[in-house]
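Spelled out from the first residue to the last, the chains are:
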Amino acid sequence: MKPSTWLDASIARAVAGTSRLAAVAKDFPHIVDRGAWQFTSDGVWTGGFWAGCLWLAAQHGGAAELRAQAVAATERLLPHVHDTRNHDLGFMFHPSAVAAWRATGDVRYLGAAKTAAASLAAQFDAKAGYIPGWGFFGGEEWRGSVLVDTLMNLPLLVLAARHGGGAGLLDVVRAQVATTLDHHLRADGSVYHVYRFDPATHAALGGATYQGLDAESAWSRGQAWAIAGLAILASMLGDAAYRGASGRVADYFLAHLPPDSVPPWDFKAPAGAPKDASAGAIAAYGLLRLYELTDKQRWLDAAVRLVRGLRDACENQGEGVGLLLHATADLPHGLGVDGATMYGDYYWFKTLVRLRQVIATHHLDALLGLPA
Ligand code: GLY
């Protein structure tokens, strides 16, 4: 049956695109580079998003075999719950194991999520007050680097704490957020991608970047991770300061969006630079969470503006690879420039589904009448 609204049509395209990829993917799709998906056998940090897309497709009209594929992808990630060198265990196991637990009721998946949370918390350096990034790269040089992205991994700790994982997990969450708000958040509402500390003395050294234009720039995906991560944590913990900080980064993000509402890969990049649609999708998800928290119309308007802009300029409405085109994985290192990414696809799909729920809960049916 033909979907009756623009939003249902986009959800149907996300289901169809995920199904097409599921029919050929033997490993975990990671990023699209030069027109083709790059796959990983272990899921590195993005495998959870693939499992998450499969769960979403199974739950929103996909064929019956998608559920079995979602289970298989989730199961394949489970050995990594013990990985104490990966700071992205929230990305890996929230969309996979937590989604599997919610979909099936099987507490083995909740147990796996709790083990992953313990492995993430084990990476917390209590003397320093942070979880360093990129342990999986190895080497000493990363021990003092703290990433704004890590905020998005913390909801796994909150969930685990709520299910008997121990209150110490919440101490880790509080300390990591405090470090991020004290050091990454700038006065203008933008955030550093990385903040560096001396790994021996823990002295603060200054802001830096890995995937952004330069240390003082505003890497758009980093801004988006901050908006969404802080909004989710604010909603889980009822914390007004986290909500306010999410709103400040959102204000920066929205004030710097170009007229097509698709963020450039870095807000300080020269005009005409490649886009990062994944940053738009992640930010839209965060804005929806802010709207749900505050009931403020401007957050909903902004989320809809982003979703409509992405739909018009970046949604794959054909048969090729990816759900959301014109994302940029890592421009400084020449990886996945102007392609699709598994995180962009996942947050695009998740945002569409969340917007559908928000419209239903808040009786916003007029939004469904926007032009197809
Ligand atoms: N968390 C890494 C990235 O956004 O590329």
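Everything below is about the structure printed above this text.
Residues numbered from 1 in each chain as written. Predicted model: local features only at pLDDT ≥ 70, side-chain atom pairs only at ≥ 80, totals over all residues. Heavy atoms only, no water.

**A short note on the pattern of salt bridges**
Cut-off, in case you're wondering: Any Lys or Arg side-chain nitrogen found within 4 Å of a carboxyl oxygen on Asp or Glu counts as a salt bridge. A run of H or I in DSSP becomes a helix once it reaches four residues, and a run of E becomes a strand once it reaches two; helices and strands are each numbered from the N terminus. With a 1.4 Å probe rolled over the protein chains alone, any residue whose accessible area is under 20% of its type maximum counts as buried; one over 50% counts as exposed, and the rest are partly exposed.
Summed over all chains, the structure comprises 13 salt bridges. One salt bridge in this structure joins Arg221 and Asp276, with 2.8 Å as the shortest N-O distance. Here Asp276 lies in the loop between helix H9 (240–255) and helix H10 (277–294) and Arg221 lies in helix H8 (residues 220–237), a separation of 55 residues in the sequence. Assigned by exposure class, Arg221 and Asp276 land together as buried.

**What to know about the layout of surface pockets**
Cut-off, in case you're wondering: Both cavities and pockets are sets of points on a 1 Å grid over the protein atoms alone; in a cavity a 1.4 Å probe fits but cannot get out, in a pocket the set is open with protein on both sides within 12 Å along at least five of seven lines, and lining residues sit with an atom within 4 Å of a point. Grid points are joined across faces, edges and corners, and a volume is the space filled by probe spheres set on the points. For this scheme, ten residues count as nonpolar: Ala, Val, Leu, Ile, Met, Phe, Trp, Tyr, Cys and Pro. Four count as charged, namely Asp, Glu, Lys and Arg, and the remainder, Gly too, count as polar.
Roughly 600 Å³ of internal volume is contained in the largest pocket. Lining the largest pocket are 26 residues, and of these His94, Arg102, Tyr285, Tyr346 and Lys350 lie nearest its centre. Listed by contribution, the elements that provide at least two residues to the lining of the largest pocket are helix H2 (47–59), helix H4 (89–104), H8, H10 and helix H12 (342–361). For the lining of the largest pocket, a count of residues per class yields 16 nonpolar, six polar and four charged.

**As for the packing of helix H5 (residues 107–121) against helix H6 (residues 154–165)**
Put simply, the test is: Each axis is a line fitted through C-alpha atoms, and for a helix only the stretch in contact is used; angles between axes span 0 to 180 degrees, taken between their N-to-C directions. Our angle categories are set so that under 35 degrees counts as roughly parallel, over 145 as roughly antiparallel, 65 to 115 as roughly perpendicular, and the remainder as oblique. Working rule for handedness: look at the near helix, and if it is turned counterclockwise from the far one by less than a right angle, call the crossing left-handed; if clockwise, right-handed. When checking whether two residues touch, look at their non-hydrogen atoms; a contact exists if any pair is within 4.5 Å.
The interhelical angle for the contact between H5 and H6, taken along N-to-C directions, is 120°, at an axis separation of 9 Å. On the basis of the axis angle, H5 is oblique to H6. By crossing handedness, the relation of H5 to H6 is classed as left-handed. Every residue of H6 that contacts H5 at Leu110, Ala113, Lys114, Ala116, Ala117, Leu120 and Ala121 is listed here: Leu156, Leu157, Leu159, Ala160, His163, Gly164 and Gly165. Split into classes, the residues belonging to the contact of H5 with H6 amount to ten nonpolar, three polar and one charged.

**What to know about the environment of Asn316**
Heads up, the condition is: Here a polar contact is taken to be a pair of N or O atoms separated by no more than 3.5 Å, where protein atoms must pair a possible hydrogen donor with a possible acceptor and residues adjacent in sequence count only if both atoms sit in side chains.
Counting through the fold element by element, Asn316 comes out in the loop between helix H11 (297–313) and H12. Sequence separation between Asn316 and Ala340 is 24 residues; the distance between their C-alpha atoms is 9.4 Å. If sequence neighbours within four positions are ignored, Asn316 has contacts with Arg13, Arg20, Val321, Gly322, Leu323 and Leu325. From its side chain, Asn316 meets the backbone nitrogen of Gly318 in a polar contact 2.9 Å long.

**Things to note about H11**
Basically, it comes down to this: Given a helix with a known number of residues, its expected span is that number minus one, times 1.5 Å.
Compared with an ideal rise of 1.5 Å per residue, which puts 17 residues at 24 Å, H11 spans 24 Å between its outermost C-alpha atoms and is within 8% of the ideal. Residues of H11 that are buried: Trp299, Leu300, Ala302, Ala303, Val304, Leu306, Val307, Arg308, Gly309, Leu310 and Arg311. Each element contacted by the buried residues of H11 is listed here: helix H1 (6–22), H9, H10 and H12.

**Here we look at the nonpolar core**
To be explicit about the condition: The criterion is simple. A nonpolar core is a set of buried Ala, Val, Leu, Ile, Met, Phe, Trp, Tyr and Cys residues joined through side-chain atoms within 4.5 Å.
In terms of nonpolar packing, the biggest core is built from 126 residues, with Trp50, Tyr347 and Phe349 touching the most fellow members. Residues Ala128, Val146, Tyr192 and Phe197 belong to the second largest nonpolar core, which totals six residues.

**Topic: the sheet that holds strand E3 (residues 145–147)**
The pairing of strands in a sheet comes from backbone hydrogen bonds and takes either a parallel or an antiparallel form. Stated formally: Here a strand pair is declared whenever DSSP counts at least two bridges between the two strands.
Taken in spatial order, the three strands line up as E3-E4-E5 in an open sheet, and their pairing is antiparallel. Bordering the open sheet on either side are E3 and strand E5 (204–208), each of which pairs with just one other strand. In this sheet, adjacent strand axes meet at a mean angle of 25° when their direction is disregarded.

**Section: empty space enclosed by the protein**
All chains considered together, the criterion is met by one cavity of 30 Å³ or more. Forming the boundary of the largest cavity are Val148, Leu151, Thr180, Leu181, Leu185, Val191, Ala226, Leu230 and Val249. Classifying every residue of the lining of the largest cavity by side-chain character gives eight nonpolar, one polar and no charged.

**Regarding the site of the ligand**
The test is simple: The rule for a residue being near a molecule or strand is that one of its heavy atoms must lie within 4 Å of it. For every accessible area listed, the method is Shrake-Rupley and the probe measures 1.4 Å; residues are considered covered only by the protein chains on display.
As a structural note, the neighbourhood of the ligand is formed by Trp45, Asp149, Gln211, Trp219, Arg221 and Trp225. In the environment of the ligand, an oxygen atom lies 2.7 Å from a nitrogen or oxygen atom belonging to the side chain of Gln211. One of the side-chain N or O atoms of Trp225 is found 2.8 Å from an oxygen atom in the ligand. When the free accessible area of the ligand is taken as 200 Å², the share hidden by the protein chains comes to 93%. Its residues assigned to classes, the shell around the ligand comprises three nonpolar, one polar and two charged.

**Details of the packing of aromatic side chains**
Quick note on the threshold: Put simply, two rings from Phe, Tyr or Trp (the six-membered ring, in Trp's case) pair if the centres are within 6.5 Å, and we call them stacked under 30 degrees between planes, edge-to-face over 60, tilted for the rest. Whether a charge sits over a ring depends on NZ of Lys or CZ of Arg being within 6 Å of the ring centre and within 35 degrees of the ring normal.
Here the structure, examined in full by the defined rule, presents 16 aromatic pairs. Put simply, the rings of Trp45, Phe49, Phe91, Trp225, Tyr285, Tyr343, Tyr346 and Tyr347 pair up and form one aromatic cluster. Positioned above the aromatic ring of Tyr109 is the side chain of Arg108, whose terminal nitrogen or guanidinium carbon lies 5.0 Å from the ring centre. The ring of Trp6 has Arg308 sitting right over it, with the charged end atom 4.7 Å from the ring centre.

**Digging into the pairing of strand E2 (residues 36–40)**
Bridge analysis of strand E1 (residues 28–33) against E2 gives five bridges, and the strand direction is antiparallel. If you follow Val32 over to E2, its bridge partner there is Trp37. Hairpin connection of E1 to E2: two residues between the antiparallel strands, including Arg34 at a positive phi of 50°.

**Things to note about the environment of Val358**
Its place among the elements puts Val358 in helix H12. What makes Val358 buried here is its relative accessible area of 1%. Taking the C-alpha atoms as reference points, Val358 and Gln123, 235 residues apart in sequence, are found 36 Å from one another. For Val358, the contacting residues outside a window of four places in its chain are Leu288, Tyr291, Glu292, Leu300, His363 and Leu364.

Just geometry here; none of it tells us what the structure is for.
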